[in-house]
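Here is how the chains run, residue by residue.
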Amino acid sequence: QDVLFLRPVHGFGLLQPHITSTAAATSKTAALRPFTVVLHVKKQTRTLEEEEAPADIGGAQFFGGNKEKEEFYDETAEQSAAMEAFVPEQVTTLNRFEDRRAFATDSVAALARSLQSQINAALYEDAPSPPSQDYAYTTGKLNWQTPFSCKAPTPLEELVGALSFYKHVDLAVVSGQQQDENQFELQWELSVAWPTFWEPRVLLLGSSTITLENSNNKNNDKQQIIVSQLDKVVDNGGDLLGTIGRQILPRFWDFYHVGMTPSAELLPRVNRKEPALFGLNYQTYDIPARWMVQPTVVETGSREDCTAQAIPNHAFSCIIKTMGPTRQRYVPTSPVEVQLAPDNNNQGKLKVQWNIPLSVEFQTNPEWPLPGEDEEAIAESQPECTYVYQTRRKVATVQYSGDPQDKEVTDIRKQLYEQVLKDGFQPKLDANTGRPIFFFLQNTAKPCYTNEGLGMCVYEWRPKWTNANEVGIELELRESDYLRPATSTSSGQLQLK
């Protein structure tokens, strides 16, 4: 039996098994410049390779396994169907760095865009080479403080080092603020596939405070040099090891539905508590600021139509090929949030809104495709879809086994509202309607993303006794609720023994 020793991965703080064999190294070595990285590992691809094909499973052919897929797969028909049904003549995109809700100033947007292009070039084979950068890490000693052990001189080289073991490492700069002329704070999301046979996704959120100095490059062009970086990681009350460990441990329903989807990037829940000693059993937690794709429709039917139960067609921006020689790798997220509220523009009608979290890999793109029109949608439903940057929220939720538009949900909302008031919380009110903001979390839904966007959603079956979903209400943030990201652990390093 092989013995696996764990040691800290340098840079953004994950654990990498220490093995005696070395990763396949490239034959070329580049000279280290401020915005280039010496690569000693193979970069990751966005499509499935031969070595990633699933192993033969006895009886799989009977259930439509790989053998039958190849037998009935018609490449010409497949490509034709994809082009006719899903490829629009024109694709509208959103440049996320131009969104001032996420990137407060032009300067912080320019810094984030530059670093993201350098990160992508380091991690992905198909990423374009970054142009001459206006921002670069110093060639001298970088003042770099991080919660984790690090040996490489810059974070970019630490990320490259992670590729020596992990198949997939994704890092997206998602927002930022300018603190003064030369100091910025960038928020990021980091996702890796943990190296076990079920490859659980580990998602970490954090921020980096960056200090710049003006300089000139070798061509005497003006350049901003990063001379200092302070990293922080959002965890649960200083328990960073637990934050990671809970995502690594096998999840029962991942095993039960093995082969349906890869492991999902799960919603981060910070400062989780169960405040009620008596009465309704619920929990409160913080949801950090995140990007969502947000489709909406006006309900034209009745509750029995279950409009809110599934993501509408106009939310999808691509398709995912799950079979054949060009099948694609994809990353699920979870859960899907559903909100139902009176529509201000249509008296007596309900507006259904979905908040669907984006995968980290998809967020690494500077341009995000906006879904096209759904030709099958009813015109009166007024289907719309956009990307929204949601600020941090505090919520209270109670477990529930059913669907968003069940009649029982109304009673649960009332009980939850009364219980949070009794326990001293203040429900947050909608700015337009003045009503409490209720929502429904579909933990059984897994939206799936490729590098091109949202391509499908998988809905897991779970028995009612598991109470897999949640009914929730937003709460007002109090001074004591503010997140305090960790800058260090008790031992100074993250270790597993």
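My aim in this report is to walk through the structure given alongside it, one point at a time.

The number of helices and strands found in the chain is 8 helices and 23 strands. Relative to its 497 residues, the chain shows a buried fraction of 49%. Relative to all contacts within the chain whose residues are 6 or more apart in sequence, the contacts with residues 24 or more apart total 72%. Surface accessibility of the chain: about 25600 Å² in total, with carbon and sulfur atoms responsible for 50%.

What follows concerns the environment of Phe-97. For Phe-97, the location among the structural elements is in the loop between strand E3 (92-95) and helix H3 (106-123). Taking relative accessible area as the criterion, Phe-97 reaches 1% and is therefore assigned buried. Discounting chain neighbours no more than four positions away, the residues touching Phe-97 are Phe-103, Ala-109, Ala-112, Arg-113, Gln-116, Val-173 and Pro-366.

The strand order across the open sheet built from 9 strands is E11-E12-E19-E23-E20-E15-E16-E13-E18, with neighbouring strands paired in antiparallel fashion. Unpaired on one side and paired on the other, strand E11 (270-273) and strand E18 (384-390) mark the two borders of the sheet. Averaged over neighbouring strand pairs, the angle between their axes works out to 30 degrees when direction is ignored. Here strand E19 (residues 393-400) pairs with strand E23 (residues 469-475) via 7 bridges, running antiparallel. Of the residues in E23, the one forming a bridge with Gln-399 is Glu-470.

With that out of the way, let us pick up the pattern of salt bridges. This model, assessed by the stated rule, comprises 13 salt bridges. Ionic pairing is found between Asp-99 and Arg-101, a salt bridge with its closest N-O pair at 2.4 Å. In this structure Asp-99 comes out as buried when scored by relative accessible area, which is 8%. Judged by its relative accessible area of 48%, Arg-101 falls in the partly exposed class.

This part takes up the packing of H3 against helix H4 (residues 155-162). Contact geometry of H3 with H4 gives a least axis separation of 9 Å together with a crossing angle of 30 degrees. One element, H3, and the other, H4, form an angle in the roughly parallel class. The handedness of the crossing between H3 and H4 comes out as right-handed. Side by side, H3 and H4 meet where Gln-118, Ile-119, Ala-122 and Leu-123 of the first sit next to Leu-156, Leu-159 and Val-160 of the second. Its residues assigned to classes, the contact of H3 with H4 comprises 6 nonpolar, 1 polar and no charged.

Time to look at helix H8 (residues 408-422). The terminal C-alpha atoms of H8 lie 21 Å apart, and with 15 residues this matches the ideal 21 Å at 1.5 Å per residue to within 8%. Listed in full, the buried residues belonging to H8 are Val-409, Ile-412, Leu-416, Gln-419 and Val-420. Summarising the axial view, the buried residues of H8 lie within an arc of 95 degrees, below the 170-degree limit, and thus occupy one face. Residues Lys-414 and Lys-422 are exposed on H8 and point more than 90 degrees away from its buried face. Turning to H8, the residues buried within the fold contact E19, strand E20 (438-442) and E23. Positive phi appears at Gly-424, one or two residues downstream of H8, with a value of about 95 degrees.

Our focus in this paragraph is the nonpolar core. Counting residues in each nonpolar core, the largest one holds 84 residues, and the members touching the most others are Val-169 and Ile-356. With sequence-adjacent residues up to four places away left out, Val-169 is seen in contact with Gln-44, Leu-123, Tyr-124, Leu-159, Ala-162, Leu-163, Leu-190, Ser-191 and Val-192. Membership of the second largest hydrophobic core comes to 6 residues, among which are Tyr-285, Ile-287, Phe-439 and Leu-441.

As summarised here, the arrangement of the 4 strands in space is E10-E14-E21-E22, forming an open sheet in which the pairing is mixed. Each edge of the open sheet carries a strand with a single partner, namely strand E10 (265-266) and strand E22 (453-459).

With that settled, the discussion passes to a nonpolar patch on the surface. A cluster of nonpolar residues, Phe-252, Tyr-256 and Trp-461, forms a patch on the protein surface that exposes about 400 Å² of accessible area. Its place among the elements puts Phe-252 in helix H6 (residues 252-256). Judged by relative accessible area, which is 54%, Phe-252 ranks as exposed.

It is worth spelling out H3 at this point. For H3, built from 18 residues, the straight-helix expectation of 26 Å at 1.5 Å per residue is met to within 8% by its first-to-last C-alpha distance of 26 Å. Counting buried residues along H3, 13 of its 18 residues qualify, which places the element largely inside the surrounding structure.

About the thresholds
Residues numbered from 1 in each chain as written. Predicted model: local features only at pLDDT ≥ 70, side-chain atom pairs only at ≥ 80, totals over all residues. Heavy atoms only, no water. Helix = DSSP H or I, 4+ residues; strand = E, 2+ residues; numbered from the N terminus. Buried < 20%, exposed > 50% of the residue type's maximum accessible area, 1.4 Å probe, protein only. Contact = heavy atoms within 4.5 Å. Areas by Shrake-Rupley, 256 points an atom, 1.4 Å probe, with all protein chains shown as cover. Pairing = 2+ DSSP bridges. Axes fitted to C-alpha atoms, helices over the stretch in contact; angles between N-to-C directions. Salt bridge = Lys/Arg side-chain N within 4 Å of Asp/Glu carboxyl O. Parallel < 35°, antiparallel > 145°, perpendicular 65-115°, else oblique. Left-handed = near helix turned anticlockwise from the far one by under 90°. Nonpolar A, V, L, I, M, F, W, Y, C, P; charged D, E, K, R; others polar. Expected span 1.5 Å × (residues − 1). Arc of directions from axis to C-beta. Core = buried A, V, L, I, M, F, W, Y, C linked by side-chain atoms within 4.5 Å. Patch = residues over 30% accessible without salt bridge, like charges linked within 9 Å, V, L, I, M, F, W, Y side chains within 5 Å.

Worth remembering: the numbers are spatial, not functional.
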